[in-house]
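What follows is the residue order along each chain.
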Amino acid sequence: MKVALIGANGQLAYDILRVFDDYEMIGFTHAELDITHFDELRDKMGSLKPDIIINTAAYHRVDECEDYPDRSFLVNAIAVRELAKISVEMDAVLVHFSTDYVFGGDKDTPYIETDMPMPLSVYGTSKLAGEYFVRSIARRFYLIRTCGLYGNAGSSGKGGNFVETMIKLAKAGKHIRVVSDQIVTPTYTYDLAVKIKELLKTDSYGLYHITSSGSCSWYEFASEIFNMLSVSADIEPITTEEFGAKARRPSYSVLDNEALRKVGISDMREWKEALGDYLKEKGYI
Ligand SMILES: NC(=O)c1ccc[n+]([C@@H]2O[C@H](COP(=O)([O-])OP(=O)(O)OC[C@H]3O[C@@H](n4cnc5c(N)ncnc54)[C@H](OP(=O)(O)O)[C@@H]3O)[C@@H](O)[C@H]2O)c1
């Protein structure tokens, strides 16, 4: 089974490469293939003829996206439309990723796949547009919404990940302010990659939520990192308003993995357990 992996330098891609070790993986880093260069994209996929195209590429600096809506839509939607068309031409399965930020945070119980999206930001809106292109064009696709990713490689698009940022700030003795009124589910990219592999074996195409189990605020997430590391960090819970980020974010964006359960795939482990493994793997504990 030949797999083209786009965005191969990213944190999710890093773990997909680790987990899909029995597949023929051909990774394309951003430097090797820019998905907004459509002719090149079509040529590269055309000469490779992959059975599966996995697209992890995204423009996801959420606040920056507010200033660059054109670029956001180009990378997160228009290029995804092109990829969906190419997947049909090649008769390849398309695996594409979306985000909890397609939701508006109006609920206080986990969102299921059929809940109405209501993105609050340019990023969320552009990702939702990408979703609709996949759903309306691709024939065989897995469209996966996930949340709060952190992984060994660190997000190349965001320059690290939340866990590493917290550790760095604590080591530098900084006063750390973290929002306590946005509820999410931190998700370890290794665990996500394992579930994607399981899902790909089902041939049950469609839209899926895939995250760790449980939920917490970003403040609780940070506190748990310091707790596990036995570090007494100078940390303060603040509100979204006090933080004052440019892009609006949902106050609650926990995703229920209902569709996954319906195809017989068990829930992922609790986010705290996954965090512990991540910290061990990185040699922190
Ligand atoms: N990170 C999160 O918390 C999170 C949460 C929910 C959903 N997601 C979604 O999950 C997916 C994977 O995220 P991730 O955290 O693994 O991101 P990541 O680490 O930033 O990886 C994305 C990769 O795509 C590359 N890329 C960016 N623009 C590209 C382009 N135009 N053409 C080709 N490659 C391009 C990036 O390269 P450069 O860095 O060199 O530009 C990077 O290597 C994305 O679809 C994202 O929207 C992420």
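To be clear, the structure that these remarks concern was listed above.
Just so you know, the residues in each chain are numbered from 1, in the order the chain's sequence is written. pLDDT decides what is reported in this predicted model: residues at 70 or higher carry local features, side-chain atom pairs at 80 or more are listed and counted, and totals for whole chains, interfaces and linings draw on all residues regardless.

Describing the overall build of the protein chain
Only runs of H or I of at least four residues qualify as helices and only runs of E of at least two qualify as strands under DSSP, and these elements are numbered from the N terminus. Within the protein chain, the secondary structure is distributed over eleven helices and twelve strands. The globule rule is 2.2 Å times the number of residues to the power 0.38, and the radius of gyration it is compared with is taken over C-alpha atoms. A compact globule built from 285 residues would reach a C-alpha radius of gyration of about 19 Å, and the protein chain, at 18 Å, matches this within 12%. Here the C-alpha coordinates of the protein chain stretch approximately 55 × 40 × 35 Å along the principal axes. Going through the 285 residues of the protein chain one by one, you find that 45% of them count as buried. For the exposure call, what matters is how many other C-beta atoms sit within 10 Å of a residue's own: 20 or more marks it buried, 12 or fewer exposed, and in between partly exposed, using C-beta atoms placed from the backbone.

Some points on the pairing of strand β3 (residues 52-55)
Covered by surrounding structure in β3 are I52 and I54 together with I53 and N55, the residues of both alternating faces. One bridge is not enough; two strands pair if DSSP finds at least two bridges between them. Inspection of the sheet shows strand β1 (residues 2-6) paired to β3 by four bridges, in the parallel sense. Paired with A4 across the strands is I53, a residue of β3. Across four bridges, β3 lies against strand β4 (residues 93-99) in parallel orientation. Considered in β4, the bridge of I54 is made with V95.

Quick word on helix α4 (residues 69-90)
Any helix carries an expected span of 1.5 Å times its number of residues minus one. Look at α4: 30 Å from first C-alpha to last across 22 residues, which is about the 32 Å you get at 1.5 Å a residue. Axes are fitted to the seven residues ending at a residue and to the seven starting at it; the angle between these axes is taken as the bend at that residue. The largest bend in α4 comes to about 35 degrees, at V75. Our contact criterion uses C-beta atoms placed from the backbone: two residues qualify when those atoms are within 7 Å. Close packing links the buried residues of α4 with α2 (38-48), β3, α3 (62-67), β4 and α5 (122-137). Looking one or two residues beyond α4, the residue adopting positive phi is D91, at roughly 55 degrees.

Here we look at the nonpolar core
Counting residues in each nonpolar core, the largest one holds 80 residues, and the members touching the most others are L5, I53 and L94. At eight residues, α4 tops the list of elements feeding residues into this core. In contact with I53, not counting residues within four places along its chain, are A4, I6, M45, L83, S87, A92 and L94. Each nonpolar core comprises buried Ala, Val, Leu, Ile, Met, Phe, Trp, Tyr and Cys residues, the members being joined through C-beta atoms within 7 Å.

Describing the environment of D267
If you trace the backbone, D267 turns up in the loop between α10 (258-262) and α11 (271-281). Not counting the four nearest positions on each side in its chain, D267 is found in contact with S213, N257 and R261.

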